[in-house]
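The chain contents come next:
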Amino acid sequence: MKLPQLPLCTCSGENRMAAMRPSEVLAEESLQCLERALNRLRNIWEEMGIPEDQCLQRTDIMRTHFKGLLDLMIAEEESLKERLIKSIDVCRRELDVLCRELMLPSFEEKDLRTRVEVLLKQKKERQTELTTLRQRDEELCNILCTPLYFIDAQAVPSLDDLDRYRLHLASMAEEKDRRRAEFVNTKKQIILCMEELDHIPDSSFEHDVICDNVESFCLSTENIASVKLLLLQLEDRKAQNEAVCSQLRSRIVELWNRLQIPTEKREAFSIYMTGSRGKTLEALKNEVKLLDDLNLENLQHLINKIRTELMSYWDKCFYNDEQRKAFSPLNDSTVTEDLLTLHEDELMMIKHHYEVHKELFEGVQHRQDN
């Protein structure tokens, strides 16, 4: 019994094939291949004399096999379709979130995944830059002792947020440079004053100020103000020292002249006649003390000499005890220049009195002698 042949697709019209999509052409060729395979199997079965019922059984097995393969492929493709739909939905939601976070307008785009990846990259770049800016902010705040710039670290920053942050940090960096330059300049003056005063830092703050590591010093407004105050205090002490040194030098010159100190001794001390450093001040004080002691000895000698001369003139002027006691400095034991001046004035007065009445006093003296 000859089995009927399945009709082969004889559609060979080039116009029809040209109008089909590549996938449709491939499907058409697959159907033709299947038809040829079925016809070949039927011919084999016929040549083998296989009964119709067995041919139907074999055909059914083949149909079942093909159907199972196709059903499996369809199930896989349906599953892939569902996954794609879910992925598109996830991408759409993620895209909406990213648009809100990045403050971008919503849009329609076929390739959502590509767009999501682009936006995720932008988000990561912004968050990375925010982290870098925050670290720089912390460094500047530690140096300037100022609070951190307020920005929500949990949210994705907008481009404007990042621009404002950069401008803020640039301003902070300029302020740091300004304060550091001011500190370095003030520090140099402080060191010079300390050297001039032979001053050794006696507080932790002063040690921090003159420390070699400028970077470690906190440039807060309070610290800068304290550094300026320290300089003012040192300059005030320096000015006081200069004033004291000037007074001491004037006193030294005065005593040198009074005591007729030799030129060679004056020249030996000349190294201390300029400046106001601590050792200079100490040397000036010692010199004044030495000269005062010499002057005191000289004053005592002069006062004693004047007292002797006073008594001589009192005798010449016939002063009684009450008149002599009226000059109380005569018994003063505190040797001072004022005391010397009082004696000099008294001597000058009694000399003048004697000269005015000299003839009278000499006449009285002559009668007493005779």
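The rules behind each value
Residues numbered from 1 in each chain as written. Predicted model: local features only at pLDDT ≥ 70, side-chain atom pairs only at ≥ 80, totals over all residues. Heavy atoms only, no water. Phe/Tyr/Trp six-rings, centres within 6.5 Å; stacked < 30°, edge-to-face > 60°. Buried < 20%, exposed > 50% of the residue type's maximum accessible area, 1.4 Å probe, protein only. Lys NZ or Arg CZ within 6 Å of the ring centre and 35° of its normal. Salt bridge = Lys/Arg side-chain N within 4 Å of Asp/Glu carboxyl O. Helix = DSSP H or I, 4+ residues; strand = E, 2+ residues; numbered from the N terminus. Disulfide = S-S within 2.5 Å.

According to the stated counting rule, one finds ten aromatic pairs in the structure shown. An angle of 10° between the planes, with centres 6.2 Å apart, marks the rings of Trp-314 and Tyr-319 as stacked. Of the two residues examined, Trp-314 and Tyr-319, each falls in the buried class. Joined through ring pairs, the aromatic side chains of Tyr-313, Phe-318, Tyr-354 and Phe-361 make up one cluster. Lying across the ring of Tyr-313, Lys-316 places its NZ or CZ 4.9 Å from the centre. The ring centre of Tyr-354 lies 5.4 Å from the NZ or CZ of Lys-316, which sits over that ring.

A few words on the pattern of salt bridges. The full count for this structure, using the stated rule, is 22 salt bridges. A salt bridge links Arg-258 to Glu-337; the shortest N-O distance between them is 2.5 Å. Here the residue Arg-258 occupies a position in helix α7 (residues 221–259), and Glu-337 occupies one in helix α11 (residues 337–356), the gap between them amounting to 79 residues. Here Glu-337 falls in the partly exposed class, since its relative accessible area comes to 25%. Via salt bridges that share partners, Glu-175, Arg-178, Arg-179, Glu-182 and Lys-228 belong to a single interconnected network.

All told, the structure shown has one disulfide when counted by the stated rule. This cysteine, Cys-211, is not joined by any disulfide, and Cys-218 carries the nearest cysteine sulfur, 14 Å off. Judged by relative accessible area, which is 32%, Cys-211 ranks as partly exposed.

In short, geometric facts, not functional conclusions.
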